[in-house]
Amino acid sequence: MKKACLFIFFTFFILTPLSFGAMIEVDEIIESTQSIRAWEKSSGKALWRSEVAVQKGDGFIFVLEEGRGIYGNDKQNRNWRTESFFHHNNKQIVPYQTKYILKDEKGDIVTKLDKYFDAKDKQVVCIIDEKTKRYVFVDDLLERSALGIVLPHFPFVRGKEISQHLLTHEPAMYKVNFKPLGQETVEAGAESIECYKLEMTVDLGALNIIGAFVPKTYFWYNVKSPHRFVRYEGLESGLGTPYIVMQVDS
C-alpha cells in the first residue's frame, strides 16, 4: 500500500506543471559557524554531530557541513562532508554546485552525490553513485544545503505561507509549503530561547491525502535578529529515514 501511494505521488508530481509564487527574500548573508547535535525523537538516543559553516567570497556563498555519528536507516557509524556554492542575486539564493560524500567508519564511500545547476538553461543535473538524474531549474528552487541561509529570512511576523520547490539529497524535487506557527520557547541546554516556529509540509495538490505518509517537519529560529537556527524536527534526510531532532549545541 505504501509503495503504491508513493508511486502515485511521484507520478502526480512529474505530470503536474511547476508553479511559482512568492519566494523567501534574503537581504544579507551573515557568515557563521554552528555546531549541531541530533538524536532520535522517539527514544532520545544520541545519533550524530555536525558543524555547519557559512562563508562569503569571490562572488559566491560557500556552505560547508561536516558530520559524524550514527546515520541512516542501517544505524551505522558514518561521516559526511557537503560542499555547496551559491550566488546571491536580487535577494535570491541561486544554487550553483553541491558535492556530498558519505563514508563508512573505514573511510569507504557509501554515497557520492554531485549536483550541477544551470540557471540560464534551466537545467539541474544530479549524479549519484554514477547514475544521472535531471530536473528543470525552476525559479523558486531551494537546494537542501541552502535551507540554513534562507529560512532565517522568512517573514515570520507577516504570518503568510510561502511555497517553493526543494531539491533534496535523495535526490528528489518536492513542492513544499512553509507556514509560520507563531512563537515558542525552546530549551537549549541551560538556556531558554524564544523562537519563531515554522512548519514545512509537502504540497501534493489533489493527492494531498497521501500526505499522511509524509511526517511533518518543523524548524525553530531565534526571535532575536539575525534569527539563527535553534532546532529542527523531522525526517533525517528523506522518505523512509529516521524521525529526528537536531538542535544547536549550546
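The coordinates are above.
Residues numbered from 1 in each chain as written. Predicted model: local features only at pLDDT ≥ 70, side-chain atom pairs only at ≥ 80, totals over all residues. Heavy atoms only, no water.

### Here we look at unusual backbone geometry
So, point 1. Of note, the amide linkage connecting Glu 170 to Pro 171 takes the cis form, showing an omega dihedral of -5°.
So, point 2. Along the polypeptide, Pro 171 turns up in the loop between strand E10 (162-167) and strand E11 (173-188).
So, point 3. Here the bond from Ser 225 into Pro 226 is cis, since omega is 15°, no more than 30 degrees from zero.
So, point 4. Tracing the backbone shows Pro 226 in the loop between strand E13 (217-222) and strand E14 (229-235).
So, point 5. Even without being a glycine, Lys 91 presents a positive backbone phi close to 70°. (Helix = DSSP H or I, 4+ residues; strand = E, 2+ residues; numbered from the N terminus.)

### Section: the pairing of strand E15 (residues 243-248)
Taken residue by residue, a regular strand's side chains alternate between the two faces of the sheet.
So, point 1. The buried count for E15 comes to five of six residues, which makes it a mostly enclosed element.
So, point 2. Sheet analysis places strand E1 (residues 32-40) next to E15, joined by five bridges and oriented antiparallel. Looking across to E15, one finds that Ile 36 is bridged to Val 248.
So, point 3. The pairing of E14 with E15 spans five bridges and is classified as antiparallel. Counted as the bridge partner of Glu 233 is Val 245 from E15. (Buried < 20%, exposed > 50% of the residue type's maximum accessible area, 1.4 Å probe, protein only. Pairing = 2+ DSSP bridges.)

### Observations concerning the packing of aromatic side chains
So, point 1. Applying the stated criterion across every chain yields a total of 14 aromatic pairs.
So, point 2. Arranged with centres 6.2 Å apart and planes meeting at 65°, the rings of Trp 48 and Tyr 71 form a pair that is edge-to-face. Within this pair, whereas Trp 48 is found in strand E2 (residues 46-57), its partner Tyr 71 is found in strand E3 (residues 60-71), the two being separated by 23 residues in sequence.
So, point 3. Between Trp 48 and Trp 80, the aromatic rings sit 5.2 Å apart at their centres with planes inclined by 85°, giving edge-to-face as the arrangement. With Trp 48 in strand E2 and Trp 80 in strand E4 (residues 76-89), this pair connects stretches of sequence that are 32 residues apart.
So, point 4. Overall, Trp 80 belongs to the buried group, its relative accessible area being 5%.
So, point 5. Members of the aromatic cluster, each reached through a chain of ring pairs, are Phe 154, Phe 156, Tyr 196, Phe 219, Tyr 221, Phe 229 and Tyr 232.
So, point 6. Geometry around Tyr 218 places Lys 197 over its ring, the cationic atom sitting 4.6 Å from the centre.
So, point 7. Positioned above the aromatic ring of Trp 220, the side-chain terminus of Arg 231 is 5.6 Å from the ring centre. (Phe/Tyr/Trp six-rings, centres within 6.5 Å; stacked < 30°, edge-to-face > 60°. Lys NZ or Arg CZ within 6 Å of the ring centre and 35° of its normal.)

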